[in-house]
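The chain contents come next:
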Amino acid sequence: MILYKEFSMLVDFNALSPSQIYFAMSQTITPRPIAWILSDNGDGGFNLAPFSYFNGVCSDPPLIMFSVGAKRDGAPKDTRANIALRSNFVVHIPHSGQVEAVEKSGDALPPGESELTALGLETVPFGGFPLPRLRDCRAAFACELYRMDLIGNAPQAIIYGRIRSMWLDDAVGAHDAKGRLSVDATALDALGRLGNEYSALGPLLRPGASAPAAPKPAPTPAAAVKPVPAPKPVMEEEPPVDPNDPKAVRRAKRRQHKKAHLSDLRHQIDMVLGGPDYAQTSYEKRQELAEWLMDKLQRAKWVDEHVIATELYLLRHDHPERFH
Ligand SMILES: Cc1cc2nc3c(=O)[nH]c(=O)nc-3n(C[C@H](O)[C@H](O)[C@H](O)COP(=O)(O)O)c2cc1C
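Given the structure is predicted, the values throughout are model-derived calculations rather than measurements. Starting from 1, residues in each chain are numbered consecutively following that chain's sequence as written. Residue-level local features of this predicted model are given only where pLDDT is at least 70; pairs of side-chain atoms are given and counted only at 80 or more, and the full residue set underlies all totals for whole chains, interfaces and linings. Calculated side-chain values reflect all of the structure's heavy atoms, with hydrogen atoms and water omitted.

With that out of the way, let us pick up the packing of aromatic side chains. Pairing of aromatic rings covers Phe, Tyr and Trp, the last counted by its six-membered ring, and requires centre-to-centre distances within 6.5 Å; plane angles under 30 degrees mean stacked, over 60 mean edge-to-face, and any other angle means tilted. Enumeration according to the criterion identifies 5 aromatic pairs in this entry. Between Tyr22 and Tyr53, the ring centres sit 6.3 Å apart and the planes meet at 45°, which makes this aromatic pair tilted. Placement of Tyr22 in helix H1 (residues 18-28) and of Tyr53 in the loop between strand S3 (46-51) and strand S4 (54-59) is noted, with a sequence separation of 31 residues between them. When its relative accessible area of 8% is taken as the criterion, Tyr22 is described as buried. Under the DSSP-based scheme used, a helix requires at least four consecutive residues in state H or I and a strand at least two consecutive residues in state E, with every element numbered from the N terminus. Relative accessibility under 20% of the residue-type maximum defines a buried residue, over 50% an exposed one, and the middle range a partly exposed one, all with a 1.4 Å probe and only protein chains included.

Let us look at the side chain of Asn82. Note that Asn82 resides in helix H2 (residues 78-86). For this analysis, a polar contact is any N or O atom pair within 3.5 Å, provided that within protein one partner can donate a hydrogen and the other can accept it, and provided that sequence-adjacent residues contribute only side-chain to side-chain pairs. Only 3.1 Å separates the side chain of Asn82 from the side chain of Ser39, close enough to count as a polar contact. Whether two residues touch is decided by their heavy atoms; if any such pair falls within 4.5 Å, the residues are in contact. Those residues within four positions of Asn82 in sequence are excluded, and the remaining contacts are Ser39, Asp40, Asn41, Asn47 and Ser87.

Glancing now at the nonpolar core. Remark: nonpolar core denotes a set of buried residues (Ala, Val, Leu, Ile, Met, Phe, Trp, Tyr, Cys) joined through side-chain atoms within 4.5 Å. Among the nonpolar cores identified, the biggest contains 25 residues, and Ile64, Phe66, Phe89 and Val91 are the most heavily contacted of them. Sort the elements by how many residues they give to this core and strand S9 (residues 139-151) lands first, with 5 residues. Those residues in contact with Ile64 that sit more than four places away from it in its chain are Phe54, Asn55, Gly56, Val57, Phe89, Val91, Cys143, Ile159, Tyr160, Gly161 and Ile163. Judged by nonpolar contacts, the second largest core, of 19 residues, contains Ala101, Leu116, Leu134 and Leu191.

Salt bridges are defined by distance alone: a side-chain nitrogen of Lys or Arg within 4 Å of a carboxyl oxygen of Asp or Glu. What the rule picks out here adds up to 5 salt bridges. Between Asp78 and Lys71 there is a salt bridge, with its nearest N and O atoms 2.8 Å apart. The class for Lys71 is partly exposed, based on a relative accessible area of 23%. One salt bridge connects Glu144 with Arg164, and the closest N-O pair in it is separated by 2.9 Å. Placement of Glu144 in strand S9 and of Arg164 in strand S10 (residues 156-168) is noted, with a sequence separation of 20 residues between them. For Glu144, a relative accessible area of 24% translates into the label partly exposed.

Note that every value here comes from positions in space, so none of it alone points to a role or purpose.
Right, here's the structure in full:
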């Protein structure tokens, strides 16, 4: 006789593939804030993309972080490459009325092609910062690269940005009588990321108060937030390969070869830089090493300047004493 049935689910992550784990985490750790990030393409144009593995992580110094996967071919996403090369970027907090534009800006465009142009989004100067911000935004942070770490097997780049200044729309930010900054969450109306859908801010809850506080009228009604019909994985996985399609099999092999090549380069870099002899290495020798790495990375034809810049950034960051 069954006396007790447990209606719950214990999910063993050891039994899941990375993509299953991604779906389990991204549908449960919700709602996530979205960093809508504008970065510099280096040709006068700007890149815009959303990232929801994002949060504020330190106040002294003021830091945000977000996590960036790789493109399908293993190359760094344009946001990561732009930041590694040019450091400055702007994080916008999108509002619920921007759900369609946020979703579309997550589509991959060729490097150098701007989502701003494709989506008809306007920018305005960001008082004193070299990059502009979106005209239609309620909160934006002017950031510069603080550090970048590679984690996981993919690998995933964790980018930390140091906030230089924050811009708030007048309807959102105000100073109280004591001069303290207060931000109106309802007016900010921050868009949240769920699994494949989005959420708008619900009623505000005030612990200790007998009933939930009535929400102030939001500038954009929650009803405007439509669930996005076509689910699309955010961290791209290797697509399944049809073994009967020789072209697809060849492409998959090439991709694997590229991945193995990059991981081999990384391994060599680690070996060279981590070796015991480097404590006594001269400045000239370090320059020579940097040249050697550049040359080696450039010779791997598929590795573009973005990968080289990221690798050298990481080397400089992890081993500053060897580069100046
Ligand atoms: C709402 C939303 C959140 C996303 N969050 C992430 C994320 O946290 N990390 C990531 O690597 N990609 C994320 N993506 C996918 C990227 O936005 C997408 O790969 C984009 O094409 C990257 O653009 P880029 O190559 O111009 O940087 C997200 C997409 C959407 C729509």
